Amino acid sequence: MQTVLNEVRANAAPVPAASDIASTQPSVISVTDVHKSFGSNQVLAGVSLSVNKGQMVAIVGRSGSGKSTLLRCMNALETVDSGSITVCGHEVSDRQAIDMRALRKQVGIVFQSYNLFPHLTVGRNITLALTSVKKMSREAANRKALDVLQQVGLEQKIDAYPEQLSGGQQQRVAIARSLAMEPQVMLFDEVTSALDPELTGEVLKVMEQLASNGMTMVLVTHEMAFARKVADVLVFMHNGRIWESGPPNTLFDAPKTREFAQFIGSGL
Amino acid sequence: MAHFSFFHVGFLAQAMLWTVLLSVLAFAGGGLLGLAVALCRVSRRPALRWVTGAYIQLVQGTPLLVILFLAYFGISILGFQLAPLVAAGIALTIYSAAFLGEIWRGCIEAVPRTQLEAAECLGLSRAQQMAMVVLPQAARIAVAPTVGFMVQIVKNTSLASVIGFVELSRAGNLVNNATFQPFMVFITVAFFYFCLCYPLSLASRRLERRLNANRT
Amino acid sequence: MSYSFDFMPVLASWDRLLAGAWLTIQLSALATVIGFALGTLCAIGRLSRITWLRTLVGAYVETIRNTPLLVQVFIVYFGLASMDFKLSAEAAAVITLVINIGAYTTEIMRAGIQSIHRGQIEAAECLAMSKAQIFFHVVLLPAVERVYPALSSQFVLLMLASSITSQISVEELTASANLVQSETFRSFEVYGVIAVMYFALSVLFRIGFWAVGQLVFARRRKLGTAL
């Protein structure tokens, strides 16, 4: 009976939007029936999702479930084959009309491999975009850099170079670098996966702080305990579709699908 | 004043053979001396290392043309009247040995230290370690950059023209003096050099790719 | 050995040798700067998506790297003159040296640019930087820092190779030596002296490049490690 239900569920209409779930805020990200393939490999097979202002949405799932691809599509780092994605009013899925730079001023992203600029100091990593994109003066940019570094607890490292920092510190700098651009939404692509276990805590603490300050966040993560504790909405992806979506505790206490039950049971 | 014709092209092609001869001499001489230099550079005796190091620094900090003049005039001082070919050969040998020595030293040092240690633990003498374990492996690594340097040797032979040796460049000058068509003449000369060098360049790159593929 | 070394005639012409050395420095410095610019532009062309541009630059690089500098100098000086492009020897020398060092610089810069990880560029794009800003700040500057040792070596080799321009009567150091030699017949002494002078120049150039590197690349100066 359960398998039949799962089949029906898989082929049914898009999963109810997260916006239905206890939020009166406007939708910041709308993903509607998105499909994407890499060659013959279909990575996203009809995904719909909505993120409201101030929400933290955690996307979980096995490797290859399409979660990172979905995140990268939101920031136009990947193109979609069909369906639509609207982020902060920008129609991201429309290749012709999208103004990438305008989009990226409003959407920040933090990568698994931090991607800090190795030849620049921590401070200059942060002020580079501020001076060249936002046309801020050096003094104003430096003040802003100090401010965001204080938020992540690294103001004393402002003149250090990335290679002098630990992985956790580098990732916090990467978060600060994105934060300095004052985005509407921040995306996090498995930001703790490359870190040694003892270093993930400091990064998660920063993310929790950001959430409580009201930042709209979408994260792809393996940190189940963190997602359960902090996220407003948990989304479980499998084989390129969303199988479960809702408040984390609801999902964990009563998984509706066998796949999700297996996923959390296996401790991934 | 003759017109640049196939006769002249034939003359240039003949001169190209002298270029090849000089290149082979330079490579043979430079190779032998270079091997000695490389071995001295990795020797356990500091004096040997220092002397050859100084030699390499000196040669690499001097233009080949100047070394050529020193060899040419230096030999005549010693009372010998040698053909320009020999003077050029000596100069190119001295020059090439310095560069090949450095390249080959790098290749010897690229052989993992563990190989040398294993050989030592098997009770081989220093000479046996080098000859039977390190050098064969270094030789494999050395093929690509050595072939690459052969391109330099071929190009360097063009300077022998300055001391009167009739190789390809000098032949070009002679033909130019006869035909007064420098553009045609020297483009043809360049083309002949290209025919000699380009296959070597390609081979070197291919060998390097194959070496890197096997390494991983 | 019947020969007796006599350096006095050589040292008497010391001022001429010094003048030659000065011209060597000028030619090399000028060719280095212009050649670096040319090489960087060509490296961009080599990595372009436009096929004919890639092929054209590739052909240029291969042609220069597989033909001797002496022949290149003859083509530019004698060849252009025969087509009524009358150039001074110095101008022809600089042009040939620029074309020559441009080809080698292209390969070095190409390797440098290709060594920049895609993730860096993605991160810069996601910070809303323009393509030009990304290329300059995130690609070009660190690429130059990374290949700086190779570039410096190449430019020192260029200075030494400038001796070849003596063959088209540019009055640089080797030509000055030839002149002194023809007057004094102290050939070994003259060339010995300029060998030392060239060696000193190469040391000078190396120190100069090192100093410029320390000045421009703050990270190198502070950390002392390679990028």
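Given the structure is predicted, the values throughout are model-derived calculations rather than measurements.

S.K.: Residue-level account of unusual backbone geometry, with values.
M.R.: A positive phi angle is found at Glu182 of chain A, which is not glycine, with a value near 55°. If you check the backbone angles, Ala128 of chain C has positive phi at about 65° while not being a glycine. Residue position: Ala128 of chain C is located in the loop between α6 (118–126) and α7 (131–161).

S.K.: Could you give me a rundown of the packing of aromatic side chains, with the residues and numbers involved?
M.R.: Given two aromatic rings, their pairing is described by the distance between the two centres and the angle made by the two planes. The full count for this structure, using the stated rule, is 18 aromatic pairs over all chains. Between Phe69 of chain B and Tyr191 of chain C the ring centres are 4.6 Å apart and the planes differ by 25°, which places this aromatic pair in the stacked class. Residue Phe69 of chain B is located in helix α3 (residues 64–77), and its partner Tyr191 of chain C is located in helix α9 (residues 187–216); the two belong to separate chains. Of the two residues examined, Phe69 of chain B and Tyr191 of chain C, each falls in the buried class. Among the aromatic side chains, those forming a connected cluster through ring pairs are Phe236, Phe252, Phe260 and Phe263 of chain A. Lying across the ring of Phe38 of chain A, Lys36 of chain A places its NZ or CZ 4.8 Å from the centre. In this structure, Arg177 of chain A packs its charged tip against the face of Phe117 of chain A, placed 4.6 Å from the ring centre.

S.K.: Mind laying out the pairing of strand β10 (residues 241–246) of chain A, listing which residues take part and the relevant values?
M.R.: Residue and element names in this part refer to chain A. Most of β10 sits inside the fold, with 5 of its 6 residues counted as buried. Judged from the 5 bridges that link them, strand β9 (residues 233–238) and β10 form a sheet pairing that is antiparallel. Along β10, the bridge assignment pairs Phe236 with Glu244. From the end of β9 to the start of β10, which pair antiparallel, there are 2 residues, and Asn239 there has a positive phi angle of about 50°.

S.K.: With reference to specific residues and values, describe the sheet that holds strand β8 (residues 216–220) of chain A.
M.R.: Sheets are built from strands that pair by backbone hydrogen bonding, the pairs being arranged parallel or antiparallel. Residues and elements named next belong to chain A. Strand order in the open sheet formed by 6 strands is β6-β7-β8-β3-β9-β10, and the pairing between neighbours is mixed. Pairing within the sheet leaves two strands with one partner each, and these edge strands are β6 (107–110) and β10. Neighbouring strand axes in the sheet, compared pairwise and without regard to direction, differ in orientation by 20° on average. Relative to strand β7 (residues 185–189), β6 runs parallel, the two being bridged by 4 bridges.

S.K.: Could you give an account of the interface of chain C and chain B, naming the residues involved and the relevant values?
M.R.: Listed as interface residues are 34 residues of chain C and, on the opposing side, 34 residues of chain B. Of the roughly 3,000 Å² buried at the junction of chain C and chain B (both faces included), carbon and sulfur atoms supply 76%. Our count for the chain C to chain B interface comes out at 1 salt bridge. Across the salt bridge formed by Glu62 of chain C and Arg205 of chain B, the nearest N and O atoms sit 3.1 Å from each other. Taken together, the connections running from chain C to chain B amount to 5 residue pairs in polar contact (both at pLDDT 80 or more). If you list the elements that add at least two residues to the side of chain C that touches chain B, you get α3 (51–65), α4 (69–82), α8 (173–184) and α9 of chain C. Per-element tally for the side of chain C that touches chain B: the top contributor is α9 of chain C, with 9 residues. For the side of chain C that touches chain B, the per-class residue count stands at 18 nonpolar, 14 polar and 2 charged.

Criteria and thresholds
Residues numbered from 1 in each chain as written. Chains lettered and ligands numbered in written order. Predicted model: local features only at pLDDT ≥ 70, side-chain atom pairs only at ≥ 80, totals over all residues. Heavy atoms only, no water. Helix = DSSP H or I, 4+ residues; strand = E, 2+ residues; numbered from the N terminus. Phe/Tyr/Trp six-rings, centres within 6.5 Å; stacked < 30°, edge-to-face > 60°. Buried < 20%, exposed > 50% of the residue type's maximum accessible area, 1.4 Å probe, protein only. Lys NZ or Arg CZ within 6 Å of the ring centre and 35° of its normal. Pairing = 2+ DSSP bridges. Axes fitted to C-alpha atoms, helices over the stretch in contact; angles between N-to-C directions. Contact = heavy atoms within 4.5 Å. Buried area = accessible area lost by both parts, 1.4 Å probe. Salt bridge = Lys/Arg side-chain N within 4 Å of Asp/Glu carboxyl O. Polar contact = N/O pair within 3.5 Å; in protein donor to acceptor, adjacent residues only side chain to side chain. Nonpolar A, V, L, I, M, F, W, Y, C, P; charged D, E, K, R; others polar.

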